[in-house]
Amino acid sequence: MQQDFDAVVVGAGPNGLAAAITLQQAGLSVLLVEGSDTIGGGLRTKELTLPGFLHDVCSAVHPTAVVAPFFQNLPLEQFGLEFIYPEIAAAHPFDDGSAAVLKKSITETASLLGDDEQTYLKLFQPLVKDFRQLLPDILGPLRFPAHPLVMARFGLNALTSASYLAKRFHTQKARGLWAGMTAHSIQPLTNLTTSAIGLVLMAAAHDKGWPVPKGGSIAIGNALVAYFESIGGKIMTNHYVRKLSQLPSSKAVLLDVTPKQLLEIAGDQFSSLYKRQLQHYRYGMGVFKIDWALDGPIPFTAPECRQAGTVHLGNTLEEIAADEEGSAKGRTPQKPFVLLAQQSLFDTTRAPEGKHTGWAYCHVPHGSTADMTEVIENQVERFAPGFKKQIIARHTMNTGQLEIYNPNYIGGDINGGILDIRQLYTRPALRSSPYRTSAKGVYICSSSTPPGGGVHGMCGYHAARRALKDVFKISL
């Protein structure tokens, strides 16, 4: 601990890793500090149920990782990372046994939406065409866009609520598919900007797909660590930081934490205004997570669901919207919207031969400790009769257990704070740069900064670039 470094990064989740790599690439000496005994944050994979069954503890499917600018020039395949792309990125079943699907092909996806085919094409063809130009601005802080007209076209739709944009669609399939995508925002679908989440996720599917990493999400973390160390970066695990004084001397400290921990670690160095803003930062709904060891694949009624990496369970738009609204208002859902992944259908390393894994979560009120096992399994059974008979073992985590596992998941909030219009670009505080704190040389690089949650590394990437410019006078 006596060695000095140019920069120290606290927290080895995807954003902490991105920050450390970006700083090290600029020629600095960087130490990455992690409180747990393993790196990864939301990128860990463990045998949660039985030996031989590999479960992603948090993130499972990674549409933003394969399109995010931070990841584009990293040679991670040289360090063992291999992505697998299901033919169907996501499926959305209905009670009548049918399903809507999201495929890489826009025209194929649209052709299955009946009367909404042309509406879908009109909405997504221009977006996918412009997607790569848009990504640096979508996945970054508020600034004058590199392509103003392109960004303006995106913003006209993205700033609306999911419920409002849904009025363009008339079929059950299109409306349900849209609802499931926008429910990833983890807030009521009537909130402004919820359309942005759906637009980005669907455009990402049409651009690259929704892949799963071979061997589990930890493969992304392991590859990032191996690359970081290959360019000279240093890592310290099992060192939980509660105060800046626990760190070695450096010119810059970047913290992959949310405002609650930021106040604990460095609050005594902040201005009263900045502290007050952090104290009023708002967290969103929590999640209840469940993993299954299964005797066979999930027997979905709709055949499309048996070919999809991700399945959204919630039936109609109206049902999903009501569920998200209720959870946001503190009501425990009885027919929750369930996000389910079935990685072992495509990655045989995840389970013993002939067996399978299932991964799912639902949204619950912030801090809820309700056991959602039965209601989640009922929702799966609803669209896959016979599912419960396939369960060999299960592992569950409520919001409190999730926060113990990862202190950034305050009240079970996996997005680092609600991503509504009030906090979309002003997270965690209203400042000229959201990554600067009021203390010289101290930066925040977590999902509590733009662009928010997801495995894209862009919060850490932008925070590191800000520190490089401010402290080291290096502009990338």
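The structure displayed is predicted, hence computed values, not measured ones.

Rules behind the numbers
- Residues numbered from 1 in each chain as written.
- Predicted model: local features only at pLDDT ≥ 70, side-chain atom pairs only at ≥ 80, totals over all residues.
- Heavy atoms only, no water.
- 1 Å grid on protein atoms, 1.4 Å probe; cavity = no way out; pocket = protein on both sides within 12 Å on 5 of 7 lines; lining within 4 Å.
- Points joined across faces, edges and corners; volume = space filled by probe spheres on them.
- Helix = DSSP H or I, 4+ residues; strand = E, 2+ residues; numbered from the N terminus.
- Nonpolar A, V, L, I, M, F, W, Y, C, P; charged D, E, K, R; others polar.
- Domains from an automatic or database assignment.
- Axes fitted to C-alpha atoms, helices over the stretch in contact; angles between N-to-C directions.
- Parallel < 35°, antiparallel > 145°, perpendicular 65-115°, else oblique.
- Contact = heavy atoms within 4.5 Å.
- Core = buried A, V, L, I, M, F, W, Y, C linked by side-chain atoms within 4.5 Å.
- Buried < 20%, exposed > 50% of the residue type's maximum accessible area, 1.4 Å probe, protein only.
- Phe/Tyr/Trp six-rings, centres within 6.5 Å; stacked < 30°, edge-to-face > 60°.
- Pairing = 2+ DSSP bridges.
- Patch = residues over 30% accessible without salt bridge, like charges linked within 9 Å, V, L, I, M, F, W, Y side chains within 5 Å.
- Areas by Shrake-Rupley, 256 points an atom, 1.4 Å probe, with all protein chains shown as cover.
- Salt bridge = Lys/Arg side-chain N within 4 Å of Asp/Glu carboxyl O.
- Buried area = accessible area lost by both parts, 1.4 Å probe.

Colleague: Let's hear about the layout of surface pockets: which residues, and what values?
Modeller: If you add up the space inside the second largest pocket, you get close to 480 Å³. Pro141, Arg143, Tyr435, His462 and Arg466 are the residues nearest the centre of the second largest pocket, which is lined by 24 residues in total. When residues of the lining of the second largest pocket are assigned to their parent elements, the largest contribution, seven residues, is made by helix H15 (residues 458-471). Residues of the lining of the second largest pocket, tallied by class, amount to 14 nonpolar, five polar and five charged. In this structure, the lining of the second largest pocket is formed jointly by two domains, domain 1 (5-81 + 213-282 + 415-472) and domain 2 (85-210 + 285-405), each of which donates at least three residues.

Colleague: Describe in detail the packing of helix H7 (residues 172-182) against helix H8 (residues 194-207), supporting the description with residues and values.
Modeller: Where H7 contacts H8, the axes come no closer than 8 Å and their chain directions differ by 100 degrees. Between H7 and H8, the crossing angle belongs to the class labelled roughly perpendicular. For the pair H7 and H8, contact is made by Leu177, Trp178, Met181 and Thr182 and by Thr194, Ser195, Ile197, Gly198, Leu199, Leu201 and Met202, respectively. Classifying every residue of the contact of H7 with H8 by side-chain character gives seven nonpolar, four polar and no charged.

Colleague: Hey, could you go over the nonpolar core for me, with residue numbers and the actual values?
Modeller: Leu102 and Leu254 are the most contacted members of the largest nonpolar core, which has 103 residues in total. Residue contributions to this core peak at 10 residues, all from helix H4 (residues 117-138). If you count residues domain by domain, this core takes at least three from each of domain 1 (5-81 + 213-282 + 415-472) and domain 2 (85-210 + 285-405). Contacts of Leu254, omitting those with residues within four sequence positions, involve Val8, Val9, Val10, Ala19, Leu23, Tyr443, Cys445, Ala463, Ala464 and Ala467. By size, the runner-up hydrophobic cluster in this structure holds 28 residues, among which are Leu294, Cys305, Val375 and Phe383.

Colleague: Hey, could you go over the packing of aromatic side chains for me, with residue numbers and the actual values?
Modeller: Within the structure shown, the criterion is met by eight aromatic pairs. For the pair Phe70 and Tyr461, a centre-to-centre distance of 6.2 Å together with 50 degrees between the ring planes defines the contact as tilted. Taken together, the residues Phe70 in helix H2 (residues 69-72) and Tyr461 in helix H15 connect sequence positions 391 residues apart.

Colleague: Explain the sheet that holds strand E7 (residues 99-103) to me, and be specific about the residues and the numbers.
Modeller: Spatially, the seven strands line up as an open sheet ordered E7-E6-E12-E13-E14-E11-E15, and their pairing is mixed. Both outer strands of the open sheet, E7 and strand E15 (391-397), are each paired with one neighbouring strand and no more. The mean angle between the axes of side-by-side strands here comes to 20 degrees, regardless of whether they run parallel or antiparallel. Taken together, the three bridges between strand E6 (residues 88-93) and strand E12 (residues 308-313) define a ladder with parallel strand orientation. The residue bridging Ala91 from the neighbouring strand is Val311, located in E12.

Colleague: Now, about a nonpolar patch on the surface: what can you tell me, with residues and values included?
Modeller: A contiguous nonpolar surface patch, about 280 Å² in accessible area, is contributed by Leu159, Leu192 and Ile421. Looking at the secondary structure, you find Leu192 in the loop between H7 and H8.

Colleague: Lay out the domain arrangement of the protein in plain terms, naming residues and giving numbers.
Modeller: Segmentation of the protein into domains returns domain 1 (5-81 + 213-282 + 415-472) and domain 2 (85-210 + 285-405). The centre of domain 1, based on its C-alpha atoms, is set 25 Å off from the matching centre of domain 2. In this assembly, 42 residues from domain 1 lie in contact with 52 residues from domain 2. On the domain 1 side of the interface with domain 2, the three residues burying the most area are Phe53, Val67 and Tyr425, jointly 17% of the side's total. If you look at where domain 1 meets domain 2, you find two salt bridges. Across the pair Glu403 and Lys260 runs a salt bridge, and its minimum N-O distance is 3.7 Å. Elements with a contribution of two residues or more to the side of domain 1 that touches domain 2: strand E4 (55-56), H2 and H15. For the side of domain 1 that touches domain 2, a count of residues per class yields 25 nonpolar, 11 polar and six charged.

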